[in-house]
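Now for the letters of each chain:
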Amino acid sequence: MKLVVPTVTAKESHAYRSQMDLVASISNFVHVDLSSPAFNRASPLLDFRSAYLEDILDSSVHLMYQQPLDAVQYFLDLTPLPKMIILQVESDSIEVLESIKMIKDSGVLLGLALLQDSKPEEYSSLIKMADQVVIFSGNLGEQTGIADLSLTSKVTELKKIKPELEIAWDGGINKQNIEQLSKAGIDIFYVGGAIHKSTDPAFEVRELQALAESVA
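Note that the structure is a prediction, hence the values are computed from the model and not measured.

S.K.: Quick question: what am I supposed to make of the pattern of salt bridges here?
M.R.: Opposite charge on two side chains permits pairing when their charged atoms draw close. Scanning the entire structure with this criterion turns up 3 salt bridges. A salt bridge links R49 to D47, with the shortest nitrogen-to-oxygen separation between them at 3.0 Å. For R49, a relative accessible area of 51% corresponds to the exposed category.

Written as structure tokens, this is what we have:
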């Protein structure tokens, strides 16, 4: 299944609420990006303790934290629970393993995200435990970025590690490249800027979804 999911990427509470309200009006799904200054010093996002999830939306939460345990626990205590929690494989290895156990024990799906320079084979033991891997091609904490299509080579590498793995892409998705990404094997498309900066966000989602499905 190919699916376009709008992303919420906000640095303060008002922007978070505005983006979440918009997404809730145009989609059944939302992807929330959160980061700490330690992981994303240049542009930290809203503190995770100020985040909330809409119970009318299926949510994935991308936690860009070197020490993710506190943020994982916060979201596992929320109502509603997120459908998926995504960790950065480059985070503290001990906390990543502890976080994975907590996520698995809760019944929430496990996602892992790879930065541009990270090689799938270096994290194969973690990837085998994941339900989804996100190929990241954006700017941490920003609704900007260029989709580096050379990173689609990771799709083949990831499928060798776990053939049934769901593959997502985050960063620089637009109507000019989504068909190519879909053809390369991307299943889930986390889209921020192209939707939030559109004059008609609902139409933008429909157009992107149709293009993604056109090569399914």
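After that view of the structure, there is still more to cover.
S.K.: Help me understand the packing of helix 2 (residues 69-76) against helix 3 (residues 93-106), please; the structure alone is not making it clear to me.
M.R.: The relative placement of two packed helices comes down to the angle between their axes together with the axis-to-axis distance. Close contact between helix 2 and helix 3 brings their axes to 9 Å; oriented N to C, the two are set at 10°. As the angle between them shows, helix 2 and helix 3 are arranged roughly parallel. Contacts between helix 2 and helix 3 involve L69, V72, Q73 and L76 from the first element and E95, E98, S99, M102, I103 and S106 from the second. Its residues placed into classes, the contact of helix 2 with helix 3 shows 5 nonpolar, 3 polar and 2 charged.

S.K.: Teacher, can you tell me more about the environment of D170 here?
M.R.: Along the chain, D170 falls in strand 7 (residues 166-170). Taking the relative accessible area as the measure of exposure, D170 reaches 7% and is therefore buried. Distance from D170 to L63, taken between C-alpha atoms, is 13 Å for residues 107 residues apart in sequence. Other than its neighbours up to four places away in sequence, D170 contacts H31, D33, H62, V134, I135, F136, S137, G138 and Y190.

S.K.: What's the story with the sheet that holds strand 8 (residues 188-191) in this structure? I'm lost.
M.R.: Think of a sheet as strands paired side by side through backbone hydrogen bonds, with each pair either parallel or antiparallel. What the 8 strands build is a closed barrel, ordered 1-2-3-4-5-6-7-8; its pairing is parallel. Recorded for the sheet is a direction-independent mean angle of 25° between the axes of neighbouring strands. Across 3 bridges, strand 7 lies against strand 8 in parallel orientation. In the sheet register, A168 faces strand 8, and the bridge partner there is I188. In the packing of helix 1 (residues 13-26) onto the sheet, contacts are made with strand 1 (3-9) and strand 2 (29-35), and the angle to strand 1 comes to roughly 160°. Against the sheet, helix 3 touches strand 4 (84-88) and strand 5 (109-114), its axis set at about 170° to strand 4.

S.K.: Would you mind going over helix 3 with me for this structure?
M.R.: Helical geometry note: an α-helix holds 3.6 residues per turn, so side chains three or four residues apart project in the same direction. In a regular helix each residue adds 1.5 Å, so 14 residues correspond to 20 Å; helix 3 covers 20 Å between its end C-alpha atoms and thus fits that length. Of the residues making up helix 3, those classed as buried are E95, V96, S99, I100 and I103. Here the buried residues of helix 3 occupy an arc of 140° about the axis, which is enough to place them on one side. Seen from the buried face of helix 3, the exposed residues on the opposite side, beyond 90 degrees, are I94, K101 and D105. The elements touched by buried residues of helix 3 are helix 2, strand 4, strand 5 and helix 4 (124-127). Where helix 3 begins, one side-chain oxygen reaches toward the backbone nitrogen of I94, 3.3 Å away; that side chain belongs to D92. Where helix 3 ends, the next residue or the one after it, G107, has phi of about 90°, a positive value.

Calculation rules
Residues numbered from 1 in each chain as written. Predicted model: local features only at pLDDT ≥ 70, side-chain atom pairs only at ≥ 80, totals over all residues. Heavy atoms only, no water. Salt bridge = Lys/Arg side-chain N within 4 Å of Asp/Glu carboxyl O. Buried < 20%, exposed > 50% of the residue type's maximum accessible area, 1.4 Å probe, protein only. Axes fitted to C-alpha atoms, helices over the stretch in contact; angles between N-to-C directions. Helix = DSSP H or I, 4+ residues; strand = E, 2+ residues; numbered from the N terminus. Parallel < 35°, antiparallel > 145°, perpendicular 65-115°, else oblique. Contact = heavy atoms within 4.5 Å. Nonpolar A, V, L, I, M, F, W, Y, C, P; charged D, E, K, R; others polar. Pairing = 2+ DSSP bridges. Expected span 1.5 Å × (residues − 1). Arc of directions from axis to C-beta. Polar contact = N/O pair within 3.5 Å; in protein donor to acceptor, adjacent residues only side chain to side chain.

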